[in-house]
Amino acid sequence: MLDVLRRIVQEVGGARDLEHALTIIVKRIKQVMAADVCSVYLSDYTLQRHVLMATDGLNPAAVGHVWLTMGEGVVSVVAETAEPLNLDNAPDHPRYRFVAETGEEYYHGFLGVPIIHHRRILGVLVVRQRDSRKFAEDEVAFLVTMAAQLAGAIAHAEASGGVNPVQRAGTSTVAGTILEGLAGAPGVGIGTAFVMYPPADLDAVPDRPPANVDAEIIALKAAVATVQAEIQMLGERIGAHLRAEERALFDAYSLMLNSESLMDAVVERIRAGNWASGALRETINEQARVFEQMEEPYLRERAQDIRDLGRRILVCLQSTGRRSAPPYPERTILVGEEISATMLAEVPREKLVAVVSASGSRSSHVAILARALGVPAVVGATDLPTGRMEGHELVVDGYRGRVFLDPSDVVRNEYMRLAREEAVLVAGLEGLKDLPAETPDGVRIPLYANSGLISDVAPSLTGGAEGIGLYRTEFPFMIRDRFPGEEEQRRIYRQVLEAFAPRPVVLRTLDVGGDKPLSYFPITEDNPFLGWRGIRITLDHPEIFLVQLRAMMRASAGLGNLRLLLPMITQLSEVDEARRLVDRAYQELVSGGENIVMPPLGVMIEVPSAVYQSEQIARRVDFLSIGTNDLTQYLLAVDRNNARVAGLYDALHPAVLCAINQVIEAGHRQGKLVGVCGEMAGDPVAAIALLGMGVDHLSMSVASLPRVKWAIRNIRRDDAKIVLAEVLGMDDAASVRNLLEKTLEDAGLGGLVRAGA
Ligand code: PEP
Ligand code: MG
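Below, the structure is looked at part by part. (Residues numbered from 1 in each chain as written. Chains lettered and ligands numbered in written order. Predicted model: local features only at pLDDT ≥ 70, side-chain atom pairs only at ≥ 80, totals over all residues. Heavy atoms only, no water.)

### A word on the overall build of the chain
Inference 1: Regarding its fold elements, the chain presents 27 helices and 22 strands.
Inference 2: Here the chain has a C-alpha radius of gyration of 30 Å; the compact-globule value for 757 residues is 27 Å, and the two agree.
Inference 3: Along the three orthogonal principal directions, the C-alpha set of the chain runs to about 85 × 75 × 50 Å.
Inference 4: For the chain, with 757 residues in total, the buried portion stands at 54%.
Inference 5: Put simply, of all contacts in the chain between residues at least 6 apart along the chain, 66% involve residues at least 24 apart.
Inference 6: Surface exposure of the chain reaches about 31800 Å², of which carbon and sulfur atoms provide 53%.
Inference 7: If the 77 positive side-chain charges of the chain are averaged to one point and the 98 negative ones to another, these points end up 4 Å apart. (Helix = DSSP H or I, 4+ residues; strand = E, 2+ residues; numbered from the N terminus. Rg over C-alpha atoms; globule rule 2.2 N^0.38 Å. Buried < 20%, exposed > 50% of the residue type's maximum accessible area, 1.4 Å probe, protein only. Contact = heavy atoms within 4.5 Å. Areas by Shrake-Rupley, 256 points an atom, 1.4 Å probe, with all protein chains shown as cover. Lys, Arg positive; Asp, Glu negative; His and termini not counted. Charge placed at Lys NZ, Arg CZ, Asp CG, Glu CD.)

Dropping the structure here:
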């Protein structure tokens, strides 16, 4: 059974669109369960109907035309109860509704199970039997398993099938498909999708109109000829060592390549309006699918050979060096399965309006770079139909992590209004740049910038940051192919320290592991966020740690504005050990004649154990910095990068707020400054709560500085304290957010709430 299930899921995964996916589902399930009918109804909540979207057994002409209004029929009972319904004679059920168009008068036995994805009922999967028949328990279990497995595939196909390739050439498509992802960088971007894809990845190749049909066909033929020669050479080279039946494999490859059906199909698609690489992807997938559906395991395996050939032809097409890519659209939205920092850098800044990637998280390179450049970004949009997005209009909502594909006029207009308001707001905030972040009742809260790349130091300087509150040193480590040496590191740190002197710069020691891997220092763990990361690695490798500490201190020679920060502290002994190594590095340098002062040492409070021991930690160091990104993740047990549980990740959860409050109080009891440097610090709504807690400074991405400053300059600390008292007793993050937003609105700062909503 598992094998059957796996094969169906695999087949559905390879379907070109939703319709095709559903057709496969109903056909296979009917076969496997020996039923007379299998149908899928999908729920349309706008029109309040369950629409028959696929059937094997009922009248095929009814597909798409027949529906049950929500509340009607036994299908609705399944959707309402979210449970299977197993009836030996469906017409006897009081809610049964007869639908003539489907020809269903002949059927009695009924088994319906809900298709549920992330708690949402997507539809109902139904099997019917002519005779009266109660389905057996294992059959019900099979259908439930099938529906659960298929829910993800249907959700994905629903998203990817939203764009119909036939309609690609500029005409309208299914308007308003919404793709959910993670908010990577704030802002709204409206523009045209431009798909970037890595080389030799056939599935990532987008559809694209050919610049010149004849040239595409010539390039295709040349690529196929090259691969033919390659295969022949490989066959000859290794053929002598093979038995006849193994040699036959190479002959089969040659036959496939020579087959007119392959070449003709690709050429036909080029003529129909796709470039060679896109036409190749479509053809190879289609032919591989034919093999994948075969019963005979040997023949099924051949699908792999076809895909292998496809990749080889693609490599040749790509290596001819022709840049068939159209020029970047005037308003480019960069889209890809995985967008790297270098891909992002390739697009001229004046044309880049947003970035969307299927992978990644808020802390991935691309999101950090996008924030530094002030470009809205959505990352981790796992259902992105990259192959079919090129040239389509997109609205990217970098606040909520949403992408609207071919938006309706209503959506586009609403976002254009938001973008205009945003521009007015930003222009209005410009004037705040040189004013201090001071509350109306006279409390100064220095605002610092988070950084990690030299490229975002300049915007931080001009954006009014009063220093760097968090310099993530892992980024210079991540963009190299080996550990940077002491002098190399010194130069990098010196640039930042010099740029901001005499203002403070907090350099955090290496925080790799977790979701920040170093390609040249691989760590394979089942549970990397609870594994070898941050201070654990550097204490285990004093040779790496000491080099970094020396480089940091040497970089500060004559400036005196360096602060050191230790990440991922979970034990007091780690603070003591790190302190010993800092002292040792300092002594070595001073005795070598370097002109440096001992930098203040701080600890990041970003795991629950550090919250509970924050007073003992504060006693040992000079300042505390609360890393709310990790603290939220570890307190709520929600992976900060997992799109599936992103709805549960909220730094305004009352438990997180209580923890932060406790840390600030503990730090102050020891007379130490306590700041916040996680993303939360850049949220004006959260800033009110932090202000009420008595936070000493905030550090955020530079794009967030003006908004937070505006909030601070307009909210009295005493008022923030009153709001905080109420917030700390609330039940959930949503109530907290509502109250804080209302506070901003009452203070006349509604613009901050709307733009940041
Ligand atoms: C944090 O965890 O809040 C933090 C600032 O560090 P990072 O995002 O680099 O883990
Ligand atoms: Mg962290």
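### Focus on the site of ligand 1
Inference 1: Lining the immediate environment of ligand 1, one finds 13 residues, of which Arg472, Arg508, Gly627, Asn629 and Arg640 sit closest.
Inference 2: In the environment of ligand 1, an oxygen atom lies 3.0 Å from a nitrogen or oxygen atom belonging to the side chain of Glu606.
Inference 3: Contact with the protein chains hides 100% of the accessible area of ligand 1, taken as 290 Å² for the molecule alone.
Inference 4: Of all the secondary structure elements, the ones that give two or more residues to the shell around ligand 1 are β16 (468-472) and α21 (628-636).
Inference 5: Along the lines of polarity and charge, the residues of the shell around ligand 1 split into 3 nonpolar, 4 polar and 6 charged. (Near = heavy atom within 4 Å. Polar contact = N/O pair within 3.5 Å; in protein donor to acceptor, adjacent residues only side chain to side chain. Nonpolar A, V, L, I, M, F, W, Y, C, P; charged D, E, K, R; others polar.)

### Quick look at the sheet that holds strand β8 (residues 182-185)
Inference 1: Reading across the sheet, the 8 strands line up as β7-β14-β13-β9-β10-β11-β12-β8 and stay open at both edges, with mixed pairing between neighbours. Every other strand in the sheet has two partners, leaving β7 (177-180) and β8 as the edge strands with one partner each. Across the sheet, the mean angle separating the axes of adjacent strands is 30 degrees when strand polarity is ignored.
Inference 2: The pairing of β7 with strand β14 (residues 402-405) spans 4 bridges and is antiparallel. Across the sheet, Ile178 pairs through a bridge with Phe404, a residue of β14.
Inference 3: Together, β9 (188-195), β13 (393-397) and β14 form the strand contacts of helix α12 (residues 409-430), whose direction differs from that of β9 by roughly 120 degrees. (Pairing = 2+ DSSP bridges. Axes fitted to C-alpha atoms, helices over the stretch in contact; angles between N-to-C directions.)

### Side note on the coordination of the magnesium ion (ligand 2)
Inference 1: Binding of the magnesium ion (ligand 2) to the protein goes through Glu606 (OE) and Asp630 (OD), at separations of 2.1 to 2.2 Å. Taken together, the residues Glu606 in the loop between β19 (601-605) and α19 (608-612) and Asp630 in helix α21 connect sequence positions 24 residues apart.
Inference 2: Note on Glu606: relative accessible area 2%, which makes it buried. (Donors = N, O, S within 2.8 Å, 3.2 Å for Na, K, Ca; no water.)

### Quick look at the environment of Ile523
Inference 1: Along the chain, Ile523 turns up in the loop between β17 (505-508) and α16 (535-540).
Inference 2: Look at Ile523 and you get partly exposed, because its relative accessible area is 31%.
Inference 3: In this structure the C-alpha to C-alpha distance between Ile523 and Ile605, which are 82 residues apart in sequence, comes to 24 Å.
Inference 4: Residues within four places of Ile523 in sequence aside, it is in contact with Gly513, Trp532 and Ile537.

### Description of the environment of Leu314
Inference 1: Relative to the elements of secondary structure, Leu314 occurs in helix α9 (residues 297-319).
Inference 2: Once the C-alpha coordinates of Leu314 and Val205 are considered, the two residues, 109 residues apart in sequence, prove to be 9.3 Å apart.
Inference 3: Ignoring anything within four residues of it in the chain, the contact list for Leu314 reads Ala200, Asp201, Leu202, Val205, Ser277 and Leu280.

### Thoughts on the packing of helix α22 (residues 654-669) against helix α25 (residues 717-728)
Inference 1: Closest axis-to-axis distance for the α22/α25 pair is 10 Å, and the angle between their directions is 130 degrees. Relative to α25, the element α22 is oriented oblique. Across the interface between the two elements, Leu657, Cys658 and Asn661 of α22 pack against Leu724, Val727 and Leu728 of α25. (Parallel < 35°, antiparallel > 145°, perpendicular 65-115°, else oblique.)

### Details of the sheet that holds strand β1 (residues 37-44)
Inference 1: A sheet is described by the order of its strands in space; here 6 strands give the open sequence β3-β2-β1-β6-β5-β4, paired in antiparallel fashion. Each having just a single partner strand, β3 (67-69) and β4 (85-87) make up the two edges of the open sheet. Ignoring which end each strand starts from, the neighbouring axes of this sheet average 20 degrees apart.
Inference 2: Note that β1 and strand β2 (residues 49-56) share 7 bridges and pair antiparallel. Bridging across to β2, Tyr41 finds its partner in Leu52.
Inference 3: Together, β1, β2, β5 (109-117) and β6 (120-129) form the strand contacts of helix α2 (residues 18-33), whose direction differs from that of β1 by roughly 145 degrees.
Inference 4: Against the sheet, helix α3 (residues 73-81) engages β1, β2, β3, β4, β5 and β6, with an angle of about 40 degrees to β5.

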